[in-house]
Amino acid sequence: MKHLNDLLLLGDPRLYETCEPVFKEELPLVKEWVADLHNVMEEIRAKYNFGRAIAAPQLGIMKRVIYMNIDKPVVFINPVFENLSEEMFELWDDCMSFPNLLVKVKRHKSLTINYLNEHWQEQSWHMEDALSELLQHEYDHLNGILCTMRAIDDKSFQWRA
């Protein structure tokens, strides 16, 4: 079982790598990865009072998996975006890999995410606002992109109060 000290922090070169897709024969491993992601997210919530989702590469699992738990747990395997809105909005983004830093970024107001669930069933979900922003953040992790790389300008950083 992975713990908070297994979380990769800003500067770790693995955070800048593009993740590999999950293959169907790896599905038995997904349950183990999700347990690790859930455990670390709960530890982040207890220590820092935030955390709605986490991407597998944040734990050094270089696979295209996102775990979200807001009202209920959702596993996104090999997600792909489509129908990204032209309308954007600005927000102060946070990240478990640098929990005390906020970064002002622009995100699409809405999108559709196509993915496989933990049973290898195809799913599609249209998201807006906070969910859209959240999944864009986590999806970026799968492509080796951190919100620090999406900062609006060089004054778009602040410490969490």
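Residues numbered from 1 in each chain as written. Predicted model: local features only at pLDDT ≥ 70, side-chain atom pairs only at ≥ 80, totals over all residues. Heavy atoms only, no water.

By the naming in an unreviewed UniProt entry, the protein is Peptide deformylase, taken from Arcicella rigui. Listed under Catalytic activity (unreviewed entry) in UniProt, the entry text for the protein is "N-terminal N-formyl-L-methionyl-[peptide] + H2O = N-terminal L-methionyl-[peptide] + formate". Of the comments in the UniProt record for the protein, the one headed Sequence similarities (unreviewed entry) reads "Belongs to the polypeptide deformylase family." (UniProt positions renumbered as here; feature names shortened; annotations may be inferred.)

Before going further, it helps to spend a moment on the UniProt feature "binding site: Fe cation" (unreviewed entry) in the protein. As annotated in UniProt, the feature "binding site: Fe cation" (unreviewed entry) corresponds to Cys-95, His-137 and His-141 in the numbering used here. These annotated residues cover 47 residues of sequence, and their C-alpha atoms lie no more than 10.2 Å from one another, placing them together at a single site. Among the secondary structure elements, Cys-95 is positioned in the loop between strand S4 (88-93) and strand S5 (101-108). Residue contacts for Cys-95: discarding those within four places in its chain leaves Phe-50, Gln-58, His-137, His-141 and Cys-147. Considering the arrangement of structural elements, one finds His-137 in helix H2 (residues 129-142). In contact with His-137, not counting residues within four places along its chain, are Asp-93, Asp-94, Cys-95, Arg-107 and Cys-147. (Helix = DSSP H or I, 4+ residues; strand = E, 2+ residues; numbered from the N terminus. Contact = heavy atoms within 4.5 Å.)

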